[in-house]
Each structure stands twice: as C-alpha cells, then as structure tokens.
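These are the residues of each chain, in order.
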Amino acid sequence: VQAVFRSNLSHLLELMGSGKESLIFMKKRTKRLTAQWALAAQRLARKLGDIRRDQKQILVHIGFLTEESGDVFSPRVLKGGPLGEMVQWADILAALYVLGHSLRVTVSLKELQSNLGVPPGRGSCPLTMPLPFDLIYTDYHGLQQMKQHMGLSFKKYRCRIRVIDTFGTEPAYNHEEYATLHGYRTNWGYWNLNPKQFMTMFPHTPDNSFMGFVSEELNETEKQLIKGGKASNMAVVYGKEASIWKVSGKEKFLGILSKYMEVHGTVYYESQRPPEVPAFVKNHGLLPQPEFQQLLRKAKLFIGFGFPYEGPAPLEAIANGCVFLQSRFSPPHSSLNHEFFRGKPTSREVFSQHPYAENFIGKPHVWTVDYNNSEEFEAAIKAIMRTQVDPYLPYEYTCEGMLERIHDFCTAPGPAPPGTPQSPFVVAPNATHLEWAQNASVAPGAWPPTHSLRAWLAAPGRACTEACLAHGLVCEPAFFPFLNGRDAFRKLQVPCDSTESEMNHLYPAFAQPGQECYLQKEPLLFSCAGSSTKYHRLCPCRDFRKGQVALCQGCL
Ligand code: UDP
C-alpha cells in the first residue's frame, strides 16, 4: 500500500487514547499543531514529487508512560515535572501519522501484549510468532517489556525496533560483551542493537539517529508583531520546578540580572511561593504550553540555571525572539562526574546546559557564559539588552524538517553491510585527508551515498565526533567499513609496520610509536564517540545540510 500524506489528525487523537494527564498534554499539543503539520506535509509532498512511499505498519509503545514501569511522569505533568519527553512523543506520533503510516499506540503492558499477539496471562511466549508490524518505536522501558514478553520473537525481530533515547547510547556501551569486559556496562546499555536504532532528542551522538521534535514556526507577520511587542527589560527564568532554583551563586547573578531586568518565572506552586524563588521574581505559576509561548513572545531574555539539560524550552524561546543565556560548565558535566548522567550509556561531555543551542545556534541568539564570573555575566546582560534579534528556528526543528528526516529513516535502507567494499578513492594533497571520487561507483543501496565521504586521520586524544566537526563535517558511522582496511591506511599514507584486527571501539586507528595499525573486528563497535591519547583514529566524515544535519547535501 502506498503512503499518502494526511492533514486531518482527528483519527490520531483517537488512537492516542485518554485518561492520563500526560496523554491529555500530548493531545492538546497535537491538536494545536495540526495546521503546522498540514502545511509542512503539503510542502514536503511538493518537494518529493511523485516518489513512491510504502505505508508501514507501525507500533508506538511509550514505555515510560506504562504503569508497569512506574509511570512517574504523568502525575507530575501539572506540577512542574518534565514535559520534554511528552513533547517529543507527541511529535513523533504526529510525524508518522502525517507521513501516512498505519499506527497503533500503546501505553500499557496489556495493550502491548494484545497488539503483539501474546496470549493474555502468558508471561513470556516461547514461540516465535509473525510480527504484524514493520517498525516498533519505543523507549528503554518498552524495550525491557518487549524482551520479557515477546520470547524468541524479540531476538528475531529486533532490527525492527527503534528506541527513543534522549541522551544517546554509544557503541561501547551497547555491545554487551565489550561493555562487560571494559567497564562500559550501565543500567541501560548492552542491548547489542545497531547503534542507529537509538534515536536522540538532539543531534549530539552521530552513532545514533537524530529524531528530534518540533517547535512552532512563525510566519513573517507574526515575527514582525513579536519584534514590535517585546519588553526590552523582561527576563523569564527556565525552570518550572522549584528544585531547579536551588543553585549555588543564584543570589549573586540573579541580583545582577534584577538590576537591569524584570525577572519572571513559571514555577509550579501549591498555595504559596516556593522558598527557592526570590521575592522580586514575578511568578506566574506553571503555565499551559500556549500561555508559556505568549510569555516568551513578550520577553527579551530566557535564562537557564544549568538544569534541565538539553530540553525543548530554549528552542521555543529562541523561536519566539528571546535571547537564551546559559551557564558554561567547566569542567564539563558527564556520566563520570554528575549524578544526572551517571549510569547513562554515554561518555559525552556536556559543556553547557544546552550544547545544541551553543554549538548549532550561538550568538546573537545564544550566550554561554561563566555565571561565577560577575563581570562576564553583567557584560553579557548589558550586551544582550543592546542587541536586536529576530525569532529563529533551525529547519530541523520545524514540522517540515522533522517530516523530511523521518521520511528518510523510513525509506533509507539500513547501514551498509560490514566488510570493505571496493571503491575508488582519491588522495587529497593533504595526506591526512582523502575523499571518494565524485563519480565513484556507488555501492547499490548504500546510504548515505558514498560520494559524501571525507576521511580524516584525527589527532591523538581526539574523538571522530570532534575531528569531523572541526572540519565543518559530521561523523558518519555508516562509512566506517570503507576505512577499515589496509587499503584505507595506504591511501591515507599512514605507514603501518604491522596491522592487527581487534575489538575496540576506537578502531580503525593508528598508534605512532611502533607505527601500528589497528582494524575493527566487530562492526557493532564502529563508533564516532571515544578517544585515547594513544591513537590517531581514522574518521569517516560527511557533509551535511545547513539546518538538517541528519542529511547529507546530495541525498534526498
Ligand atoms: N512548558 C510549559 N509551561 C511552562 C514552562 C514550560 O508548558 O510554564 C513547556 C515548554 O513549552 C516545553 C516543555 O515544557 O515544551 C518542556 O520544556 P523543558 O525544556 O523544561 O524540558 P523538560 O525538563 O520539561 O523535559
């Protein structure tokens, strides 16, 4: 069956079920964004022309909302608890539905079992049964439930699973044996999936796929209206739960801010002002999403206190014409030194509250400063008050951008099979860089197309993620197999005295003393993340479209 774009979302709202506060929040959001989705669908349809798209049977099992996983989120929806995950799931559902796929949505174990065809009352089914879905979108909680209740089918069909995983899962943590042997075993990891099956909230872990979410897009008239209606001295604090306001040094930097601006908050409270919120702050209480947007439209500044990490609110603020001010983390936060990241299957170092805002958006929209340095902080406030900014939303966070990206995931064949395909390469004048000939015979079905590959030998201690970014490129793990051979080392003019093949998430790599070259033995361990001062890593990079980093320039 061919997939047809949909613009009426009322059937989706029915599919989403009811009852829980979390579902009510998600449905309100979907309803409010209907017109934006419809417009985006029209635009993408025009862009794609008459490409044939197959309708997929898709199960969306939102594990964290099931009672069986504790559902700690739903009761906190109206109390300032996290909403980012619900924003993202609402948008995933909308995107898949608008693309014309056939959806089932489950938020309980019982519904999951009945959709999978597991007989009721049967804990785990030992038989493999045909799976009536082409794809299953779930999260780590859902993955656990499926493993427990699908019996052998789980193993058989696991390549159909996509795991929504906000902060990402790096290959070293994903490979069970390797993680166990080398200290990468965490609460969440070691599922032995293809790392591309994990889908993140921001494009921070290129070993995974980038799912994202959307923020409301303004038309030109709205943008002009907002610009005209800004109160130049109004700041809104990022933090709807009082605990976020318990931050050291707050008196000092909030004191400075309040000299220049009127400070507003949207902190949840029961009957009286939470003690964490100073008296000079005008607290509106937790606002419904549309009213929160209205507040952002009036404000000049949106200021973060360092937590929550990597949420949707800063993008919404910037889209509504605010400047986002956030603290720089020195040393960076990671699973090694911060409670929040502890046990998460990633070694990523986070240098500010919102690295995407810092690195992909930056000034004049985003200012990242040291909050402990009063002079730097005050200078930033003064400079921000003098700057005029336009509302800005990166394309990848618009409805059209998300549809384009998801459409691509659904149609693109999986990553290239392991091995070293024969492809002609061209050595650049600079011996540490090589590129595939533009007219190279592209391996059939390979995605992304191999002509977008640019290979680099990274400096010791540098991860491929960073090495590629330093050249204005992104690391593309699908290209690792092309670099994992003696031929690649030879073409890069790397002098190998010996070559060994081992399991190591940093390979392929070159070690200077001894001139040893190392190849990757286990394709599941190909990893953009990770570094060691012992190795120059061989890094597969590719170009990307500005505003849509998930896609290369010549591929749609
Ligand atoms: N939000 C809201 N009311 C408020 C403040 C925020 O509805 O008073 C919404 C906001 O629009 C955003 C969502 O909360 O889409 C989640 O934002 P945040 O970045 O705080 O991430 P979280 O920590 O909740 O996951």
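Refer to the structure presented above.
None of the values given here were measured: they were computed from a predicted structure.

**Structural notes on the overall build of the protein chain**
- On a plain count of helices and strands, the protein chain comes out with 19 helices and 21 strands.
- Its C-alpha atoms give the protein chain a radius of gyration of 24 Å, within 12% of the compact-globule value 24 Å for 556 residues.
- Counting only C-alpha atoms, the protein chain reaches 70 × 60 × 45 Å along its principal axes.
- For the protein chain, the proportion of its 556 residues judged to be buried stands at 57%.
- Of all intrachain contacts in the protein chain linking residues separated by at least 6 positions in sequence, the fraction that spans at least 24 positions is 72%.
- Summing over all exposed atoms, the protein chain offers an accessible surface of approximately 23,200 Å²; the carbon and sulfur share of this is 53%.

**Thoughts on the pattern of salt bridges**
- The full count for this structure, using the stated rule, is 22 salt bridges.
- Lys20 is the salt-bridge partner of Glu67, the closest N and O atoms lying 2.6 Å from each other. Note that Glu67 is positioned in the loop between strand E1 (57-61) and helix H4 (84-98) and Lys20 in the loop between helix H1 (10-15) and helix H2 (21-32), a separation of 47 residues in sequence.
- Take Glu67: its relative accessible area is 56%, and that puts it in the exposed class.
- Looking at Lys20, the relative accessible area reads 17%, which means it is buried.

**Topic: the sheet that holds strand E4 (residues 161-164)**
- On the basis of which strands lie adjacent, the open sheet formed by 6 strands has the order E2-E1-E3-E4-E5-E6 and parallel pairing. A single partner strand is all that each edge strand has here, and the edge strands are strand E2 (102-106) and strand E6 (209-210).
- As paired elements, strand E3 (residues 135-138) and E4 share 3 bridges and run parallel to each other. In the strand pairing of E4, Tyr137 is matched with Arg162.

**Regarding the site of the ligand**
- The environment of the ligand is made up of 16 residues, and the closest members are Leu83, Tyr238, Lys240, Leu287 and Glu316.
- In the environment of the ligand, an oxygen atom lies 3.1 Å from a nitrogen or oxygen atom belonging to the side chain of Thr266.
- When the ligand sits alone it has 540 Å² of accessible area, and the protein chains cover 93% of it.
- Elements supplying a minimum of two residues to the shell around the ligand: H4, helix H12 (289-298) and helix H13 (313-319).

**Things to note about the packing of aromatic side chains**
- Using the criterion set out here, one finds 35 aromatic pairs in the structure.
- Where Tyr178 meets Tyr184, the ring centres are 6.1 Å apart and the plane angle is 10°; that geometry is what we call stacked.
- Accessibility expressed as a relative area gives 22% for Tyr184, which makes it partly exposed.
- Measuring from centroid to centroid gives 5.5 Å for Phe202 and Tyr397, while their planes differ by 45°, and the two rings are tilted.

**Considering the nonpolar core**
- Met26, Trp37, Ile62, Tyr137 and Phe302 are the most contacted members of the largest nonpolar core, which has 75 residues in total.
- Examining the composition of this core, we find that 11 residues originate from one element, H4, more than from any other.
- The next biggest cluster of nonpolar side chains, apart from the first, holds 28 residues, and it includes Val237, Phe253, Leu254 and Ala383.

**Examining the environment of Phe544**
- Within the secondary structure, Phe544 is located in the segment after strand E21 (536-542).
- A C-alpha to C-alpha distance of 9.4 Å links Phe544 and Cys555, two positions 11 residues apart in sequence.
- Not counting residues up to four positions away in its chain, the partners in contact with Phe544 are Gly472, Leu473, Val474, Val549, Leu551, Cys552 and Gln553.

**Structural notes on the pairing of strand E8 (residues 262-265)**
- In this sheet, E8 lies alongside strand E7 (residues 234-238) in parallel orientation, the contact comprising 3 bridges. Bridging across to E8, Val236 finds its partner in His264.
- For the crossover from E7 across helix H11 (residues 250-260) to E8, the handedness is right-handed.
- Across 2 bridges, the pairing between E8 and strand E9 (residues 282-283) is parallel. Considered in E9, the bridge of Gly265 is made with Asn283.

**Remarks on the state of the cysteines**
- A complete count under the given rule lists 4 disulfides for this structure.
- Disulfide pairing is shown between Cys464 and Cys539; the S-S distance is 2.2 Å. Its S-S torsion of about -75° marks the bond between Cys464 and Cys539 as left-handed, since a negative value means left-handed. Of this pair, Cys464 sits in helix H17 (residues 464-470) while Cys539 sits in strand E21, placing them 75 residues apart in sequence. When sorted by exposure, Cys464 lands in the same class as Cys539, which is buried.
- Here Cys468 is linked by a disulfide to Cys541, with a sulfur-sulfur distance of 2.1 Å. Sign of the S-S torsion, about -80° for the bond between Cys468 and Cys541, identifies this disulfide as left-handed.

Cut-offs used in this document
Residues numbered from 1 in each chain as written. Predicted model: local features only at pLDDT ≥ 70, side-chain atom pairs only at ≥ 80, totals over all residues. Heavy atoms only, no water. Helix = DSSP H or I, 4+ residues; strand = E, 2+ residues; numbered from the N terminus. Rg over C-alpha atoms; globule rule 2.2 N^0.38 Å. Buried < 20%, exposed > 50% of the residue type's maximum accessible area, 1.4 Å probe, protein only. Contact = heavy atoms within 4.5 Å. Areas by Shrake-Rupley, 256 points an atom, 1.4 Å probe, with all protein chains shown as cover. Salt bridge = Lys/Arg side-chain N within 4 Å of Asp/Glu carboxyl O. Pairing = 2+ DSSP bridges. Near = heavy atom within 4 Å. Polar contact = N/O pair within 3.5 Å; in protein donor to acceptor, adjacent residues only side chain to side chain. Phe/Tyr/Trp six-rings, centres within 6.5 Å; stacked < 30°, edge-to-face > 60°. Core = buried A, V, L, I, M, F, W, Y, C linked by side-chain atoms within 4.5 Å. Right-handed = clockwise from strand over helix to strand, strands pointing away. Disulfide = S-S within 2.5 Å.

Purely geometric stuff here, so don't read any function into it on its own.
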